[in-house]
Amino acid sequence: MTRFGTYTADGETFYGAVTDAGMIALSPQFPDWPTLREVIAADGLAALAQAAEGQPVTHTDFTYEIPIPNPEKIICVGVNFPDRNAEYKDGSAQPKHMSLFPRFPRSFTGAERPLIRPPENHTLDYEGEVAVVIGKPGRRIKPEDAYGHIAALTLANEGTIRDWVRHAKFNVTQGKNWDNSGAIGPWLVPFTDAAQLDNARIITRVNGEIRQDDNLARMMFPIREEIAYISTFTTLQPGDVIITGTPTGAGARFDPPKYLKPGDVVEVEVEGIGTLRNTVEDEFSGGEA
């Protein structure tokens, strides 16, 4: 499986090919493409794969960053599985239109790094999701053309401070954007086949316990429709990230709730993409600020 990641090593940020033995730095070979966002805009993932062939590992001691460090947009789709809609217990049928909200890049950290629980509120929750990275720009994209606009796939833990999504009547933005409360990664996998999405199984584990387990085929708003709907009101650009929706089983829906606490380990897994793993730390106990 071809994989590309963004990482830091020896105080410098690189992107490169991910191998089981470590990273192969490729960014020094492509100075015109400073980040994977520019690589994707230039349709350059195949060139990276070719450049990595036969090359030795350059870094074994490194820290993952989010794969696209500076996307223009990160748009998240909420309440996108039938059981998730039922969790709200408001008697509503499937909504006519999808729920959307933005997240800022700073609200995400990379794989194998801690999700940060802030001192203001301890209702940090997990949401395992597939994220698609736009490769070809477009506006008013037709559903049947949508997959042609995807460059790569990755995973997201769309970590949420639950109490803060209830602070206002019409939005959830403030509960969804705490610094380093979520994660994206660990890497990008080029999107080459509809089967990578159409029947993908997503599993989220907390300390080894399966909390979420579902199939993307059950989404109320499939990814083709997400791209079509979002591109109706905004032009999608290369490097934009769409986080596509989480299954039932988030911590808030247990009785009593099972919110994340320091020392927990959260894993989001999709076969063919990989596993996004993160620990949990409190902000003022050595965690990232």
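You'll find the structure just up there.
A brief structural summary. (Residues numbered from 1 in each chain as written. Predicted model: local features only at pLDDT ≥ 70, side-chain atom pairs only at ≥ 80, totals over all residues. Heavy atoms only, no water.)

1. Here's the deal with the environment of Arg166
Logical step 1: Its place among the elements puts Arg166 in the loop between β12 (160–161) and β13 (182–190).
Logical step 2: The sequence separation of Arg166 and Arg113 amounts to 53 residues, and the corresponding C-alpha distance is 27 Å.
Logical step 3: A distance of 3.3 Å separates a polar atom in the side chain of Arg166 from the backbone oxygen of Arg162. (Helix = DSSP H or I, 4+ residues; strand = E, 2+ residues; numbered from the N terminus. Polar contact = N/O pair within 3.5 Å; in protein donor to acceptor, adjacent residues only side chain to side chain.)

2. Some words on the pairing of strand β3 (residues 22–25)
Logical step 1: As paired elements, strand β2 (residues 12–19) and β3 share four bridges and run antiparallel to each other. Of the residues in β3, the one forming a bridge with Thr19 is Gly22.
Logical step 2: The loop that links β2 with its antiparallel partner β3 comprises two residues. (Pairing = 2+ DSSP bridges.)

3. Details of the pairing of strand β15 (residues 209–215)
Looking down a regular strand, the side chains alternate between one sheet face and the other.
Logical step 1: Note that strand β14 (residues 201–206) and β15 share six bridges and pair antiparallel. The residue bridging Val206 from the neighbouring strand is Glu209, located in β15.
Logical step 2: Taking the residues between adjacent antiparallel strands as the criterion, β14 and β15 are bridged by two residues, where Asn207 takes a positive phi near 55 degrees.

4. Thoughts on the side chain of Gln212
Logical step 1: Positionally, Gln212 belongs in strand β15.
Logical step 2: Note on Gln212: relative accessible area 0%, which makes it buried.
Logical step 3: Side-chain polar atoms of Gln212 contact the backbone nitrogen of Gly128, separated by 3.0 Å.
Logical step 4: Within the local environment of Gln212, its side chain forms a polar contact with the side chain of Thr246, the two groups lying 2.8 Å apart. (Buried < 20%, exposed > 50% of the residue type's maximum accessible area, 1.4 Å probe, protein only.)

5. Examining the sheet that holds strand β18 (residues 274–282)
Logical step 1: Spatial strand order, β8-β18-β17-β14-β15: five strands in an open sheet with mixed pairing. The sheet terminates laterally at β8 (114–117) and β15, the two strands that pair on one side only. On average, each strand axis in the sheet is inclined to that of its neighbour by 20 degrees, with strand direction left out of account.
Logical step 2: Relative to β18, β8 runs parallel, the two sharing four bridges. Bridge pairing in β18 places Pro114 opposite Thr279. (Axes fitted to C-alpha atoms, helices over the stretch in contact; angles between N-to-C directions.)

6. Some words on the pattern of salt bridges
Logical step 1: Under the defined criterion, the tally for this structure stands at 18 salt bridges.
Logical step 2: Glu72 is paired through a salt bridge with Lys73; the nearest N and O atoms lie 2.6 Å apart.
Logical step 3: We note a salt bridge from Glu209 to Arg211, for which the minimum N-O separation is 3.1 Å.
Logical step 4: Counted as one network, the salt bridges with shared partners bring together Arg103, Asp125, Glu127, Glu158, Arg162 and Lys176. (Salt bridge = Lys/Arg side-chain N within 4 Å of Asp/Glu carboxyl O.)

7. A few points about unusual backbone geometry
Logical step 1: Geometrically, the link from Gly185 to Pro186 is a cis peptide bond, its omega value of 0 degrees lying close to zero.
Logical step 2: In this fold, Pro186 is placed in strand β13.
Logical step 3: Here Asp255 and Pro256 are connected by a cis peptide whose omega angle stands at 0 degrees.
Logical step 4: Residue placement: Pro256 occurs in the loop between β16 (241–243) and β17 (265–270).
Logical step 5: Look at Asp43: it is not a glycine, yet its phi comes out positive at around 55 degrees.
Logical step 6: Tracing the backbone shows Asp43 in the loop between α1 (36–41) and α2 (45–52).
Logical step 7: In this structure, Arg140 takes a positive phi of about 55 degrees despite not being glycine.
Logical step 8: Residue Arg140 is classed as exposed on the basis of its relative accessible area of 57%.

8. Considering α2
Logical step 1: Leu45, Leu48, Ala51 and Ala52 are the residues of α2 that are buried. Down the axis, α2 shows its buried residues gathered within 120 degrees of arc, on one side only. Within α2, the exposed residues directed more than 90 degrees away from the buried face are Ala46 and Gln50.
Logical step 2: Buried residues along α2 sit against β1 (4–9), β2, β3, α1, β11 (150–157) and β13. (Arc of directions from axis to C-beta. Contact = heavy atoms within 4.5 Å.)

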